[in-house]
Amino acid sequence: MVNIPALEQMNQILHILFIFLPFFWAFGTLPPPDALFLWAMEQVLEFGLGGSSMSTHLRLLIMFIISAGTAVASYFIPSTVGVVLFMTGLGFLLSLNLSEMVLVFKHSVTRHRVGTKSNALSSGSEIRFTWREYLFYSVVLVLALLETGLLHHFASFSQTSKNSPQAVVGYTLMILFIILWILKEIQSIYIFGIFRNPFYPKDVQTVTLFLEKQTKLMKIGVVRRILINLVSPLAMIAFLSLDSSLQRLHSVSVSIGFTRAFRMVWQNTENALLETVIVSAVHLLISNTDLWWSRSLDTGIKLLLVGIMRDRLIQFIAKLQFAVTVFVASWTEKKRRKSATTLGVLNIVFSPFMLVFIVFSTLLSSPLLPLFTLPLFLVGFPRPIQSWPGVVGTTACVCADTVYYCQMVPGLTTALQSAMAAGSLGLLLPGSHYLGRFQDRLIWIMILECGYTYCCVNIKGLELQETSCHTAEARRVDEVFESAFEQEEYVKLCSINEHFGNVLTPCTVLPVKLYSDARNVLSGIIDSHDNLKEFKCDLVKVLVWILVQYCSRRPSMLENVHKTENKGKASLIILPALNTEPQTESPEDTDSLNSENLDDWSDDVFGEEPTIKKGKDEKDQLKVLPGINLPIPGSVESQNVESHSTNTEKSLYQAVALGYPAIDKGKQEAMAFIPLMEFSCSHSHLLSLPEEWMSDCLPNSKMKEMSSLFPEDWYQFILRQLKCFPSKENASNVVEEIAKDRVLKDFYVHAVMTCYFSLFGVDNMIPSPGHILRVYSGVLPWSLALDWLTEKPDLFQLALKAFRYTLKLMIDKASLGPIEDFKELINCLEEYESDWYIGLVSDEKWKEAVLQEKPYLFSLGYDPNMGVYTGRVLTLQELLIHVGKLNAEAVRGQWANLSWELLYATNDDEERYSIQAHPLLLRNLTIQAADPPLGYPIYSSKPLHIHLV
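Being a predicted model, the structure only gives us computed values, none of them experimental.

Peer 1: Tell me what's going on with the overall build of the protein, and back it up with residues and numbers.
Peer 2: Across its full length, the protein holds 32 helices and 15 strands. Considering only contacts within the protein whose residues lie at least 6 apart along the sequence, 76% involve residues at least 24 apart. Accessible surface, the protein as shown: approximately 44600 Å² in total, 61% of it carbon and sulfur.

Written as structure tokens, this is what we have:
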């Protein structure tokens, strides 16, 4: 073995290679074992077995094993017809999204057995297969098998003749390729990324206008999809089935080459069509059969070699363009111009070596690594298409703005489905990157996996809080898209892309249902004395409406609706009296008035009834109970009431009062005591507020003073608008009876005015804008009723909602004009209730409202830099997202530099040069889009499977 020349040469090469291994390791060119293993599997699966890069490492391993087993099994099949049918059938099946199809099928079977509708699939898949898709796949598979078997069995095989059946099919494929290329190019805004497409709509700024102008293009897209999904695969299968190389059984080259060829027909139809056309054209142009190409290689291996050359040529062009862009980016920076000049001269002098680096990087399919994003290039280590270890979509720097991306992703996925099917995004290849832009949102889209009628993508959302670097690059992105999509009609038809050197090339616009964000300055509205004065009057009305709506819809009321007509006796409730005489109390009794003692007192046992004293003005409404006396607050006094009749009912009555700040002795003001009241209408309890809201915490004189602000006409109007009563026939009579119930009205007067007092505090003056903002944010001023209100979370939230609704009403009145009548006011409040969420951006309910797709959201804020109050309005509507394609090699190269700089060079400076903004390279945005911990996207989706039938 020592004398074998090949081993001697290998020994010499390895000795030289071992010398450079430490340098390769130091410069990050040697791959980690896991990256090398995954990269090797991807390369063999894609170029040797006809598959595609997969969205997860587990799927990659499983698909690699199955695909390799298919190639091995085809070697041992004795019949040529059997080999062709086997390759065709398995090539079709393996190109489908089988795992998702099986998962959906199991999900459907389970749901059918259980008999209930379930939520979305646990995998987060967006695919929804129906019986039509399964029928379509079955029909296509049967047609492919019939065509392959019949052609291979009955057709004659003549490889050299230009009139042979295979040559005729080759001509057909050439014509088909030209048609598909034309149909694909006219779907995008630019042809070759340089010349503007004259057929693409101009000045597209609204969804309606865009959809009208794009109708013809969508029809062309349907034709293109039919040609790709049906005509092209069947034509290529005919070409392969007629090849004479299939007559040579038990050949390794035939098994590998044709297994890949029959798989590529379905897995990546457009690339397979290009490869087949090239091989067919070479067959027709080269008549000399003695050449190595014709003599030694069968058609399957030729297709394999052409596929590798096609991929490497595309990579070389993209890497070369990236290298030139890095050089131009360094030259255009004034601060770096001196060093860039030096590096430029060195690159020109050593340009052959730079080309060697680019070629070597292309051959390995590894990223071209620009050191610190300067024009100094190394060969990065080979790595998978995903560039980062770990499962896609499991890590993100989640923040408050993440919810906006969560809301828009389902609609964006649907829009991507139409654009990909029509060909608007160009050729779909694993590892392709796209950038979407709308207002302050930047969406990063990466293709992970492609197959027959499906595509798997990962969508990332970049931060909304724009830094200076982020803003500079985002502005350039806007300029690129505006120059492409917002041109006037008089511009020349075939204009040239002004930003051709940029790594971003505009493709199309996508109509997506999402939130537009508008921020307005409220100066002149929130600080207007007249508006604030009206605000106080409107707040009482909104409080009344909110509480009545709450009581008419609460579950306890609905449960008792059908029991109303059976009640023959009016109910007793505890109500703070508004017109009662003050009760004489001793100083000791007043000092003992505190919530802790009264809470203990209120937990009394059954059968003991507190006594109450009757006021002069309540003779018509009070029900006199024998042997009842009012106990001293803070103590427990009770009398045992014996029942002398079986019809006597025992009831538990509670008197609850909360403490308030101490008053100097001799100046104590009596609190309104709590009588037992009876509704005059048997239906009034349907609108009665909860019992725990009946407590009194304000002095009687204060309540009398504030009760005059209660809008009784508005209260009566609201009651007459209600539709929550048991019988529709007597509804009007019931409403009139409830409206005349003074006890119920006094109940609402007390609750509304207590909340009103709590929201404005001790000073009942015109509120300031700062006071409005604090209360809007949930920070109430101190008052006697503050503790009482905050201890009742439901009532507190209702009062806060009423305050926020009133603020929105004030802004709308100032912007749109005054409210004409009560009916218009109710319509306005009902619109707030159904279509708006009015609150704080930091609230959890804000996020819930975004995910539930509330039509409008409003928030009040303050800008300390400008010293102004601002209003933020989110509006849900279908809007256009600009989408462009990024240079994939530029992204991989900058990500490779990020990994090398942080892990090998350990340069973690937050202001390092490689993350500074640059309009050509989009460095800062590209670094953000990397997977954490090196990048920091605020949203990253799980692999989303998009159906393209």
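Peer 1: Could you give me a rundown of the environment of lysine 885, with the residues and numbers involved?
Peer 2: By the element assignment, lysine 885 lies in strand 13 (residues 868–886). Residues lysine 885 and tyrosine 434, spaced 451 residues apart in sequence, show a C-alpha to C-alpha distance of 4.4 Å. In this structure lysine 885 touches Leu425, Leu427, Ser432, His433, Tyr434, Val503, Leu504, Thr505 and Cys507, once residues within four positions along its chain are discounted.

Peer 1: Outline helix 26 (residues 769–776), listing residues and values.
Peer 2: With respect to burial, helix 26 is a largely interior element, 7 of its 8 residues being buried. Elements that come into contact with the buried residues of helix 26 comprise helix 18 (529–553), helix 25 (742–760), helix 28 (793–816), strand 11 (836–838), strand 12 (856–863) and strand 13.

Peer 1: I'd love a proper account of the packing of aromatic side chains, names of residues and values included.
Peer 2: Summed over all chains, the structure comprises 33 aromatic pairs. Relative to tyrosine 748, the ring of tyrosine 715 lies with its centre 5.8 Å away and its plane at 50°, an arrangement referred to as tilted. Residue tyrosine 715 is located in helix 23 (residues 712–721), and its partner tyrosine 748 is located in helix 25; the two are separated by 33 residues in the primary sequence. Since its relative accessible area comes to 0%, tyrosine 715 is described here as buried. Put simply, the rings of Phe92, Phe136, Tyr137, Trp266 and Tyr452 touch in pairs and so form one group of aromatic residues. Of note, arginine 804 hangs over the ring of tyrosine 776, and the distance from its end group to the ring centre comes to 5.1 Å. It is lysine 808 that lies over the ring of phenylalanine 858; its NZ or CZ is 5.8 Å from the centre.

Peer 1: Describe in detail the confidence of the model for the protein, supporting the description with residues and values.
Peer 2: Per-residue confidence for the protein gives a mean pLDDT of 79, with 80% of residues at or over 70. Across the protein, element-level confidence peaks in strand 11 with a mean pLDDT of 95 and bottoms out in helix 21 (residues 595–602) with 34. Overall, residues 116–127 carries pLDDT values under 50, and its contacts beyond four positions in sequence, including any with other chains, amount to 24 contacts. Ignoring residues within four places in sequence, the model shows residues 558–676, a span with pLDDT below 50, making 181 contacts including any to other chains.

Peer 1: Give a description of the nonpolar core that names residues and reports values.
Peer 2: By size, the foremost hydrophobic cluster in this structure holds 78 residues, and its most contacted members are Leu547, Tyr748, Met753, Leu807, Phe858 and Leu860. Non-local contacts of leucine 860, meaning those with residues more than four positions away in its chain, are made with Leu522, Ile526, Ile772, Leu773, Tyr776, Leu807, Gly839, Leu840 and Thr870. Core analysis: the next-biggest nonpolar cluster, separate from the first, contains 47 residues, Ala144, Ile228, Leu303 and Tyr452 among them.

Peer 1: How would you explain the pattern of salt bridges if you had to name every residue and give the values?
Peer 2: Taken as a whole and judged by the stated rule, the model has 21 salt bridges. Taking the shortest distance from any N to any O, the salt bridge between arginine 441 and aspartate 440 comes out at 3.7 Å. By relative accessible area, arginine 441 is classed as buried at 2%. When the shortest N-O distance is used, the salt bridge between aspartate 812 and lysine 808 registers 2.6 Å. Separated by 4 residues within a single helix, aspartate 812 and lysine 808 lie in helix 28, roughly one turn from each other. Grouping residues by exposure puts aspartate 812 and lysine 808 together as buried. One salt-bridge network, held together by shared partners, links Arg260, Glu275 and Arg310.

Peer 1: How would you sum up the side chain of arginine 383? Please name residues and give values.
Peer 2: Relative to the assigned elements, arginine 383 resides in the loop between strand 4 (377–379) and helix 16 (402–422). Salt bridges are absent for the buried arginine 383, whose nearest opposite-charge side chain, glutamate 889, sits at 9.5 Å. A polar atom in the side chain of arginine 383 sits 3.1 Å from the backbone oxygen of phenylalanine 381. When near neighbours in sequence (up to four residues on either side) are disregarded, arginine 383 contacts Ala35, Trp39, Pro367, Arg892, Ala896 and Ser899.

Peer 1: If you had to explain the pairing of strand 13 to someone new, which residues and values would you point to?
Peer 2: In terms of burial, strand 13 is a largely internal element, 15 of the 19 residues being buried. In terms of strand pairing, strand 5 (residues 433–438) meets strand 13 through 5 bridges, oriented antiparallel. What sits directly across from arginine 437, in strand 13, is histidine 882. Sheet topology places strand 12 next to strand 13; 8 bridges connect them, and they run antiparallel.

Peer 1: Which residues make up the environment of asparagine 520, and what are the values?
Peer 2: Assignment of secondary structure puts asparagine 520 in strand 8 (residues 504–521). Its relative accessible area of 40% is what places asparagine 520 among the partly exposed residues. Apart from the residues lying within four places of it in its own chain, the contact partners of asparagine 520 are Tyr869, Thr870 and Gly871.

Peer 1: Tell me about the packing of helix 16 against helix 30 (residues 844–851), residues and numbers included.
Peer 2: Put simply, helix 16 and helix 30 touch, their axes get as near as 9 Å, and they point 15° apart. Between helix 16 and helix 30, the angle is such that the two are roughly parallel. Seen from above, helix 16 lies across helix 30 with right-handed handedness. In this structure, helix 16 contributes Val403, Tyr404, Cys406 and Gln407 to the contact, and helix 30 contributes Trp846, Lys847, Val850 and Leu851.

Peer 1: Talk me through empty space enclosed by the protein; I want residue IDs and the actual numbers.
Peer 2: Within the structure shown, the criterion is met by 14 cavities of 30 Å³ or more. The space that makes up the largest cavity amounts to roughly 200 Å³. Lining the largest cavity are 19 residues, with Arg225, Gln267, Thr269, Glu270 and Gly451 positioned closest to its centre. Contributions of two or more residues to the lining of the largest cavity are made by helix 9 (215–241), helix 10 (252–267), helix 11 (269–285), strand 6 (441–451) and strand 7 (454–461). It is helix 9 that contributes the most residues to the lining of the largest cavity, 4 residues altogether. Counting the residues that make up the lining of the largest cavity, at least three belong to each of domain 2 (31–108 + 127–297) and domain 3 (401–503 + 887–947).

Here is what the cut-offs are and how they apply
Here, residues in each chain are numbered from 1, in the same order as that chain's written sequence. Thresholds applied to this predicted model are a pLDDT of at least 70 for local features of residues and 80 or more for the giving and counting of side-chain atom pairs; totals over whole chains, interfaces and linings are not thresholded and use all residues. As a convention, hydrogens and water are excluded, and side-chain values are obtained from all of the structure's heavy atoms. Strands here are runs of E lasting at least two residues and helices are runs of H or I lasting at least four, both read from the DSSP assignment and numbered beginning at the N terminus. In what follows, a contact means two residues having at least one pair of non-hydrogen atoms within 4.5 Å. Surface accessibility follows the Shrake-Rupley procedure with a 1.4 Å probe radius. Residue values consider only the protein chains on display as shielding. Exposure categories follow from relative accessible area, calculated using a 1.4 Å probe and restricted to protein chains: below 20% of the type maximum is buried, above 50% is exposed, and the middle band is partly exposed. Aromatic contacts are taken between Phe, Tyr and Trp rings whose centres are within 6.5 Å, Trp giving its six-membered ring; a plane angle under 30 degrees counts as stacked, one over 60 as edge-to-face, and the others as tilted. Both a distance and an angle decide whether a charge sits over a ring: NZ of Lys or CZ of Arg must be within 6 Å of the ring centre and within 35 degrees of the ring normal. The quantity called pLDDT is the predictor's confidence in a given residue, expressed from 0 to 100. Here the nonpolar core consists of buried residues drawn from Ala, Val, Leu, Ile, Met, Phe, Trp, Tyr and Cys, with membership extended through side-chain atoms lying within 4.5 Å. The term salt bridge refers to a side-chain nitrogen of Lys or Arg lying within 4 Å of a carboxyl oxygen of Asp or Glu. Under this rule, positive means Lys or Arg and negative means Asp or Glu; His and the chain ends count for nothing. In protein, a polar contact requires one atom able to donate a hydrogen and another able to accept it; more generally it is a pair of N or O atoms within 3.5 Å, and residues adjacent in sequence count only if both atoms are side-chain atoms. A pair of strands counts as paired when DSSP detects no fewer than two bridges linking them. Orientation is described by axes fitted as lines to C-alpha atoms, over the contacting stretch for helices, and by angles from 0 to 180 degrees between their N-to-C directions. The labels follow the angle: roughly parallel below 35 degrees, roughly antiparallel above 145, roughly perpendicular from 65 to 115, and oblique for the rest. Left-handed describes a crossing whose near helix is turned anticlockwise from the far helix by less than a right angle; the clockwise case is right-handed. Within this scheme a cavity is a closed region of a 1 Å grid, computed over the protein atoms alone, that accommodates a 1.4 Å probe without allowing it to escape, whereas a pocket is open but has protein on both sides within 12 Å along at least five of seven lines; lining residues each have an atom within 4 Å of a point. Grid points are joined across faces, edges and corners, and a volume is the space filled by probe spheres set on the points. Domains are outlined according to an automatic or database domain assignment.

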